[in-house]
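# Tertiary structure, described
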Amino acid sequence: MSESSPTSRSEPFKAPVGTRDVLPPESARWQALVATFALQAGGAGYGFVQSPMFEDIGVFNRVGEGTDLVRKEMYDFLDKGERHIALRPEGTASVARAFVQHRPTTPWKVWYAAPSFRYERPQAGRYRQHHQLGLEAIGSDDPDLDVEVIALLHDLYVSIGLRRFRLLVNSMGTAEDRLRYVADVREWLSVRADHLDPADAAKIAEHPLRVLDSKRPTTIAALVDVPRITDRLSGPAAERFTRVREGLDALGIEHVVEPRLVRGLDYYTHTTFEFVSDALDAAQSTIGGGGRYDGLVTALGGPDTPGVGFGTGIERVLLACDAEGVFAVDRPLVDVYVVDTTGGAVARDLVTELRRAGIAADRAFDARSMKSQMKSADRSGAALVCIVGVDELAAGTVTVRDLRRDHDQTTLDRAGVVGAISERLARQDHQ
Ligand code: HAM
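Residues numbered from 1 in each chain as written. Predicted model: local features only at pLDDT ≥ 70, side-chain atom pairs only at ≥ 80, totals over all residues. Heavy atoms only, no water.

### Focus: the site of the ligand
- What surrounds the ligand is a group of 26 residues, the closest being Glu90, Thr92, Glu120, Glu136 and Tyr268.
- The side chain of Arg118 places a nitrogen or oxygen atom 2.9 Å from an oxygen atom of the ligand.
- Gly313 is positioned such that a nitrogen or oxygen atom in its backbone is 3.2 Å from an oxygen atom of the ligand.
- Starting from 660 Å² of accessible surface for the ligand in isolation, the protein chains cover 95%.
- Where the shell around the ligand is concerned, the elements lending two or more residues are β6 (129-138), β10 (286-292) and β11 (307-313).
- It is β10 that contributes the most residues to the shell around the ligand, six residues altogether. (Near = heavy atom within 4 Å. Polar contact = N/O pair within 3.5 Å; in protein donor to acceptor, adjacent residues only side chain to side chain. Areas by Shrake-Rupley, 256 points an atom, 1.4 Å probe, with all protein chains shown as cover. Helix = DSSP H or I, 4+ residues; strand = E, 2+ residues; numbered from the N terminus.)

Structure follows, in structure tokens:
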């Protein structure tokens, strides 16, 4: 029997390492963030897309054989039909696969809110299951679309109250620019391999760009004069990048060019960008990122089709909100709480009638005492409490107490109580 099987354990189960439960009241904020994004993306012409949580591993391998994500972090397994499957480590490859499969009309603008799985070393702000809000626009290479995508992410952060973040932008140029740059960087690094952290020096031959992402101090120090892709862009790519930056300026979106921003995924061409929160610990301070991936659809077997998009981690965004003290969301409150000390049948029926009339209502269970039920009513945030005791039951009435206005109290006929409460709540809404 395995060590962790339920019968051999004395400890209760916990969520797997690197995952977390999202519980009320925190979950209300989570929902509010998704709802804010849904409204914003929908209002910009993006439709909701939902793709499977797992795919043939080949789909994700197209993200780049040289990336940590593909080499080390994939949650992959053989299913019972011997298919090599992987849990989605990021959203873009799945969306591009769906595009190739369904060939929708372009530009195809879609958004998602979905879990991603990466076998990373867990720490604050870095999880093995994290959740991304993202969007992808496939089928246009207009630089104004890059601006649209960046502006939407920027405005999402602003709308939830974040202020202490910076936008870094870069261009990887065309696929040819990128290839040439990779060769230049490889050569430059080879000569200086001794100055790099050995773990980074080992990547020079196969994945020189990954060295540029390094967080190791020795390597960072050695990279001061590394060739800058922005100095090596071909004419049209440079013009394109200028147009993107002009667009951001025109929209009042401050940004800094960071020529070392190659990002951790290999599919990027032209624009890449990241939003970094200054309120978070530097190691996990990137709250969102994205860019253009003009070769990805082809790599997945589709026609030559450009694309651009972003992903932003819900957990990290909420951590940044905590750090800045913004985006507090009220827990959902009910309008009416029903207190029934006569056995619960009236409460059972009345809450259902109220809910069917569109009124948020709750009640206590387990035949608790009047005092305990009234405490729950207070905690529920309800404006009105409907009380049914033996006297009310006998008289066919309900006592309605207003918890917000001096506990003002009236007795209503049981049969008309839902209508009367409906009217009263509507009147209060208008005051
Ligand atoms: P990414 O930079 O790998 O890009 O992830 C996007 C965001 O997801 C990060 O900025 C971060 O906020 C969050 N994130 C990533 N890994 C973790 C983790 N282990 N724990 C917590 N949060 C995490 C992408 O995934 C691309 N698909 C973005 C994109 C869309 N590019 C074009 N379109």
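There's plenty left to go through after this.
### A closer look at unusual backbone geometry
- Residue Pro24 is joined to Pro25 through a cis peptide bond whose omega torsion reads 0°.
- Mapped onto the elements, Pro25 comes out in the segment before α1 (26-42).
- Look at the link from Thr106 to Pro107: it is a cis peptide, with omega at -5°.
- With respect to the helices, strands and loops of the structure, Pro107 is situated in the loop between α4 (92-102) and β5 (108-117).
- The phi dihedral of Asp366 falls on the positive side, at around 65°, and the residue is not glycine.
- Looking at the secondary structure, you find Asp366 in the loop between β13 (361-363) and α14 (370-380).

### Re the packing of aromatic side chains
- Scanning the model with the defined rule gives eleven aromatic pairs in all.
- Where Phe37 meets Phe310, the ring centres are 6.0 Å apart and the plane angle is 55°; that geometry is what we call tilted. In this pair, Phe37 sits in helix α1 while Phe310 sits in strand β11, placing the two residues 273 residues apart along the sequence. Accessibility assignment for this pair places Phe37 and Phe310 in one class, buried.
- Pairwise contacts between aromatic rings join Phe37, Phe48, Trp111 and Phe310 into one cluster.
- Its guanidinium or amino end placed over the ring of Tyr119, Arg128 lies 3.9 Å from that ring's centre, counting from NZ or CZ.
- Over the aromatic face of Trp188 sits the side chain of Arg192, whose NZ or CZ is 4.0 Å from the ring centroid. (Phe/Tyr/Trp six-rings, centres within 6.5 Å; stacked < 30°, edge-to-face > 60°. Buried < 20%, exposed > 50% of the residue type's maximum accessible area, 1.4 Å probe, protein only. Lys NZ or Arg CZ within 6 Å of the ring centre and 35° of its normal.)

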